[in-house]
Amino acid sequence: MNIMTSAPPVALLACQGLGFRVRDTQLLYGIDLNVNPGETLGIVGPNGSGKSTLLKLLAGLRTPSSGSVYLLEQPLTRQPRRQIAQALALVEQQADTHDAISVFDAVALGRTPWLSALAPFSAEDTAIVDQALADVDALHLRQRTWSSLSGGERQRMHIARALAQRPQLLLLDEPTNHLDIQHQLSLLQRVQALPVTTLIALHDLNQALTCDRLAVLDKGRLVALGAPLEVLTPERLLKTFGVHAHYLTDPFDGACILRFRAP
Amino acid sequence: MTRLLPYSAAALVALLLALLAGIAIGETQLSPSVVYQVLANRLWDAGYLVDPIDQGIVWNYRLTRTLVAAACGAGLATCGVILQALLRNPLAEPYLLGLSAGASTGAVMVALLGLGAGALSLSGGAFVGALLAFALVLLLARASGPTANNAQVILAGIAGSQLFNALTAFLITKSASAEQARGILFWLLGNLSGVRWPSVWLAVPVALAGLAVCLWHRRALDAFTFGVDSAASLGIPVRRVQLLLITCAALVTAVMVSIVGAIGFVGLVIPHALRLLLGGSHSRLLPASALGGALFLIAADILSRTLITGQVIPVGVVTALIGAPVFALILVSRRKQR
Ligand SMILES: Nc1ncnc2c1ncn2[C@@H]1O[C@H](COP(=O)(O)OP(=O)(O)OP(=O)(O)O)[C@@H](O)[C@H]1O
Ligand SMILES: [Mg+2]
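Just so it is clear, the structure is predicted and the values come from calculations on it, not from any experiment.

(A) Summary view of the overall build of chain A. From N to C terminus, chain A includes 9 helices and 12 strands. Dimensions of chain A, computed from the C-alpha atoms along their principal axes, are close to 55 × 50 × 35 Å. Taken across its 263 residues, chain A has 51% of its residues classed as buried. Looking at chain A alone, contacts between residues at least 24 apart form 60% of all its contacts between residues at least 6 apart. Entry remark: accessible area of chain A is about 12,300 Å², with carbon and sulfur atoms responsible for 53%. Charge-centre separation for chain A: the mean point of 23 positive side chains lies 6 Å from the mean point of 24 negative side chains.

(B) Geometry of the overall build of chain B. When helices and strands are counted, chain B shows 14 helices and 0 strands. Helices and strands in chain B line up, N terminus first, as α-α-α-α-α-α-α-α-α-α-α-α-α-α. Its C-alpha atoms give chain B a radius of gyration of 20 Å, within 12% of the compact-globule value 20 Å for 338 residues. When the backbone C-alpha atoms are referred to their principal axes, chain B occupies close to 65 × 60 × 35 Å. Expressed as a percentage of the 338 residues in chain B, the buried residues total 55%. Looking at chain B alone, contacts between residues at least 24 apart form 74% of all its contacts between residues at least 6 apart.

(C) Representation of the interface of chain A and chain B. Each partner contributes to the interface: chain A provides 33 residues, whereas chain B provides 22 residues. A salt bridge links aspartate 229 of chain B to arginine 62 of chain A; the shortest N-O distance between them is 2.9 Å. For the interface between chain A and chain B, the tally reads 8 residue pairs in polar contact (both at pLDDT 80 or more). By residue class, the composition of the side of chain A that touches chain B is 17 nonpolar, 7 polar and 9 charged.

(D) Region of the structure containing the coordination of the magnesium ion (ligand 2). Ser52 of chain A (OG) and Gln93 of chain A (OE1) make up the full set of protein donors to the magnesium ion (ligand 2), lying at 1.9 to 2.2 Å. A residue pair is termed long-range when its members are at least 10 positions apart, and serine 52 of chain A in helix α1 (residues 51-58) and glutamine 93 of chain A in the loop between β6 (88-91) and α3 (103-108) qualify at 41 residues.

(E) Layout of the site of ligand 1. All names here are of chain A. The environment of ligand 1 is made up of 13 residues, and the closest members are Gly48, Lys51, Ser52, Thr53 and His203. A distance of 3.2 Å separates an oxygen atom of ligand 1 from a polar atom in the side chain of glutamate 174. Look at ligand 1: alone it shows 640 Å² of surface, and the protein chains cover 59% of it. The greatest single-element share of the shell around ligand 1, amounting to 3 residues, is contributed by α1. Taken together, the residues of the shell around ligand 1 break down into 3 nonpolar, 8 polar and 2 charged.

(F) Expanded view of the domain arrangement of chain A. Residues and elements named next belong to chain A. Domain annotation of chain A identifies domain 1 (13-232) and domain 2 (233-263). Taking only C-alpha atoms, the centre of domain 1 and the centre of domain 2 are 27 Å apart. If you look at the interface, domain 1 gives 16 residues, while domain 2 gives 12 residues. For the domain 1 face of the interface with domain 2, the top three residues by lost area are Leu205, Asn206 and Leu232, together amounting to 45%. Where domain 1 touches domain 2, the interface holds 4 residue pairs in polar contact (both at pLDDT 80 or more). Elements with a contribution of two residues or more to the side of domain 1 that touches domain 2: α7 (205-208), β9 (213-218), β10 (221-226) and α8 (228-231). Top contributing element to the side of domain 1 that touches domain 2 by residue count: α8, with 4 residues.

(G) Expanded view of the sheet that holds strand β5 (residues 74-75) of chain A. Residue and element names in this part refer to chain A. A sheet is described by the order of its strands in space; here 4 strands give the open sequence β2-β1-β4-β5, paired in antiparallel fashion. The two strands at the open ends of the sheet, each matched to only one other strand, are β2 (25-35) and β5. When strand β1 (residues 13-22) meets strand β4 (residues 66-71), the two strands line up antiparallel, connected through 5 bridges. What sits directly across from glutamine 16, in β4, is serine 68. Sitting on the sheet, α1 touches β1, β2 and β4, and the angle it makes with β1 is about 120 degrees.

(H) Region of the structure containing unusual backbone geometry. Residues and elements named next belong to chain A. Positive phi, normally seen in glycine, also occurs at arginine 23, with a value near 50 degrees. Checked against the element boundaries, arginine 23 lands in the loop between β1 and β2. Of note in this structure, glutamate 174 is not a glycine but carries a positive phi near 45 degrees. Following the sequence through the fold, glutamate 174 ends up in the loop between β7 (169-173) and α6 (181-193).

(I) Representation of the confidence of the model for chain A in the model. Summing up the model confidence of chain A, the mean pLDDT is 88 and the portion of residues at 70 or higher is 96%. For the stretch residues 1-5 of chain A, pLDDT sits under 50, and the model shows 4 contacts to residues farther than four places along the chain or on other chains.

(J) Looking closely at the environment of leucine 192 of chain B. Residue and element names in this part refer to chain B. Mapped onto the elements, leucine 192 comes out in the loop between α7 (178-188) and α8 (197-216). Remark: the alpha-carbon pair of leucine 192 and alanine 69, spanning 123 residues in sequence, is separated by 7.3 Å. Leaving out residues up to four positions away in the same chain, leucine 192 has contacts with Arg65, Val68, Ala69, Val260, Asp301 and Val315.

(K) How the structure looks around the side chain of asparagine 41 of chain B. On the secondary structure map, asparagine 41 of chain B appears in helix α2 (residues 32-44). Taking the relative accessible area as the measure of exposure, asparagine 41 of chain B reaches 10% and is therefore buried.

(L) Representation of a nonpolar patch on the surface in the model. All names here are of chain B. Together, Leu303, Leu307, Ile308, Leu321 and Ile322 line one region of the surface with nonpolar side chains, adding up to about 450 Å² of accessible area. Assignment of secondary structure puts leucine 303 in helix α13 (residues 282-306). The partly exposed category is assigned to leucine 303, whose relative accessible area is 36%.

Each value, and the rule that gives it
Residues numbered from 1 in each chain as written. Chains lettered and ligands numbered in written order. Predicted model: local features only at pLDDT ≥ 70, side-chain atom pairs only at ≥ 80, totals over all residues. Heavy atoms only, no water. Helix = DSSP H or I, 4+ residues; strand = E, 2+ residues; numbered from the N terminus. Buried < 20%, exposed > 50% of the residue type's maximum accessible area, 1.4 Å probe, protein only. Contact = heavy atoms within 4.5 Å. Areas by Shrake-Rupley, 256 points an atom, 1.4 Å probe, with all protein chains shown as cover. Lys, Arg positive; Asp, Glu negative; His and termini not counted. Charge placed at Lys NZ, Arg CZ, Asp CG, Glu CD. Rg over C-alpha atoms; globule rule 2.2 N^0.38 Å. Salt bridge = Lys/Arg side-chain N within 4 Å of Asp/Glu carboxyl O. Polar contact = N/O pair within 3.5 Å; in protein donor to acceptor, adjacent residues only side chain to side chain. Nonpolar A, V, L, I, M, F, W, Y, C, P; charged D, E, K, R; others polar. Donors = N, O, S within 2.8 Å, 3.2 Å for Na, K, Ca; no water. Near = heavy atom within 4 Å. Domains from an automatic or database assignment. Buried area = accessible area lost by both parts, 1.4 Å probe. Pairing = 2+ DSSP bridges. Axes fitted to C-alpha atoms, helices over the stretch in contact; angles between N-to-C directions. pLDDT = per-residue confidence, 0-100. Patch = residues over 30% accessible without salt bridge, like charges linked within 9 Å, V, L, I, M, F, W, Y side chains within 5 Å.

The following block contains the structure:
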């Protein structure tokens, strides 16, 4: 592939011909993707289709076997980790600790890319951490220890940590899978209201319909990209997810809802 | 930051009191005032009249070994903190990871096969041995599974320790005279009897430098709380930090082993206890562990000199007698957590 001749795409985050293999298994095949400033781009696909792998590559945590990733139009591999972390935050699907750490300290880790060895943790940093806690509706958990939190509370703290990074780009890997319905909806709403560009891997396709654009992954390939209603057609859902689906219209507000049946 | 001052003052007082106890207590009991007078004479020519024998005991024997004990304790505890943070394993420790065994083999090779003479080349041998042992242990752990940060590292460490201890024993039986062998074996179990001022000038700066390097990277160490990927996404250059700090741990361990032999469990017991007390933040944990390690090893040294009258128990035996049960406790409490 001649990456040298093709100009880097104009986008906040982009990848070209992105491929990734682990030993003999090809996990991702030639993915081209542009993330536009301000949008919420959803990534959907069945289990094992490569959503988490793609997010890790885009965050620079894995080195692609082919193609490249561009952050703010610069190749990701040429940027220092600290600079990347100031622009981009990732919330992993699963990350936990046995350490006895307080909730505040866990969220305060998000300030790491902005602090130096000599700079103390300032009042401004504290304010940013508190704001992040407030953003996930968890100021009351501030003094608790990490091990005392429930699964959903931990997930909200991970998101708060990413918000405390004050990134331009937020990469979320299934951020709602442990949350109760109220927090699922409020989290998605808040994330979409924030002035950050968001890339979000989701399993709930009805929630995915609220994204600005959707990317569908199937066995490591990007098989569809576009507006949610254009992408999640009944044919696509049958082919990629193996379910029959049709749209209902909510009489309450006229919104489209997907309803599924096993084949 | 405003709380920094009272804490450092308290730490300093605790350290001075421990040093005083380390100097005063022993086969010949010395009163604190004698100790003070000797130190005052030596440090600012106070001109007190002191028995020259007492003077010699304080200045050349007790003070040096107590200072080295403090430096070794601080250094080993600091190494324990780094290894536990970087390997994400609360049981990681220089001794259990085979660093001490490798360092012993290296030092014994230098001492017996004559690859040089003197304190520095002994440390050189210990350093190379520690690094080789650690590299071998990590390779073994990596080979046994993709995520080399759980029980495998410890298992690999135990295998590595066994191998290097066997090698050391082999070298001793093959090349040492009976007298040499007895001396080396005693040294291997951790021995502070032979230390004099040159050892102090090696151990104290190395312990302080190791602590300083780790404190400089305290935020990076914190960032490993949720694993390697999480640290990387928080802007930590993971490979570079791991390489630097693990090399630092190997260097500090190697120097300490070359001076006092293999002293185990300091790096395990102290950070673990302090983590329970203070939480995981490394800006507190690192200085507290260094202090705790220093106090612990001074106390262990005092015990080693006083438990049996007229005889010195190797200090490594004392730390193991305390450390092994604590190790078992950690294992049991970890199982309950799951
Ligand atoms: N290190 C690895 N070695 C081998 N296979 C791997 C490795 N990492 C991931 N895979 C495989 O790659 C595929 C994609 O994994 P990935 O975690 O990206 O899927 P996903 O779309 O996020 O799935 P889920 O919806 O379950 O989170 C899976 O089949 C997984 O088993
Ligand atoms: Mg996933």
